[in-house]
Amino acid sequence: MKPCAKPALERVRIMQQRGVVLFFALVSLLAIMLAAVALIRSVDTSTLIAGNLAFKQAATASADAGTESAMGWLNAIQQANLANNVLNNTPGVHAFNVDSVASGYYSSTNPALNLFADAAWNAITAIPAVTDSSGNTIQYIIQRTCRNGNVPIQNADCLFSGAIQDKNGQNIPLPQDVCDGPGCPVAGQTPMIRITTRVKGPKNTVSYVQAFVY
């Protein structure tokens, strides 16, 4: 005797249950796929941020080389002008008292000079940019912290360092001969010098570092 066939209504219920299970399975699969994509994007973003921070730190660290190069340039100019008095341009004009745009030197902190503009850095033609082993291109701009440019220190209204206390101090005393007036530094003072170093690295990384020397 053949078994009785399942009623049509029961077969419809079974098919409906299978359809609901398939629907929830597809929804769950879609949710898992979206979670996987979000995780991949999160990992990629974290890696990108970490890489950018590494490039930024490398560029900032390379700026020390620019500061050292600027100090070397200042020392060379000072040695070449030992015969000239930087206080009042006697017997000749001291190089620290005049702008040398091609060398990246300015005898004042001119507010019109935009250190973030490429034009200020492209004007430096006498001293080529230095590229280190990490691919960072290093340039510097030196500014004498004075209100008035292209004049001797006596008339430049400068920001001076503290007076030297002993031989172990960092200040380099200026000669005090033939300088009289409110613009003259007291014994042992020198104008503050601001060095701005720009480092351009891989991935369009740009870092600016400033240092004051005297």
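Residues numbered from 1 in each chain as written. Predicted model: local features only at pLDDT ≥ 70, side-chain atom pairs only at ≥ 80, totals over all residues. Heavy atoms only, no water.

## Remarks on the pairing of strand S4 (residues 193-201)
Burial analysis of S4 places eight of its nine residues in the buried class, the great majority of the element. With eight bridges connecting them, strand S3 (residues 137-144) and S4 associate as antiparallel partners. By the bridge assignment, Arg 144 is partnered in S4 with Ile 193. Between S4 and the antiparallel strand that follows it, strand S5 (residues 205-213), lie three residues; Lys 203 among them carries a positive phi value of about 60 degrees. (Buried < 20%, exposed > 50% of the residue type's maximum accessible area, 1.4 Å probe, protein only. Helix = DSSP H or I, 4+ residues; strand = E, 2+ residues; numbered from the N terminus. Pairing = 2+ DSSP bridges.)

## Regarding the pattern of salt bridges
In total, this model carries two salt bridges according to the counting rule given. One salt bridge in this structure joins Asp 157 and Arg 147, with 3.0 Å as the shortest N-O distance. Placement of Asp 157 in the loop between S3 and S4 and of Arg 147 in the loop between S3 and S4 is noted, with a sequence separation of 10 residues between them. Using a relative accessible area of 67% as the deciding quantity, one classes Arg 147 as exposed. (Salt bridge = Lys/Arg side-chain N within 4 Å of Asp/Glu carboxyl O.)

Any link to function would need more than the numbers given here.
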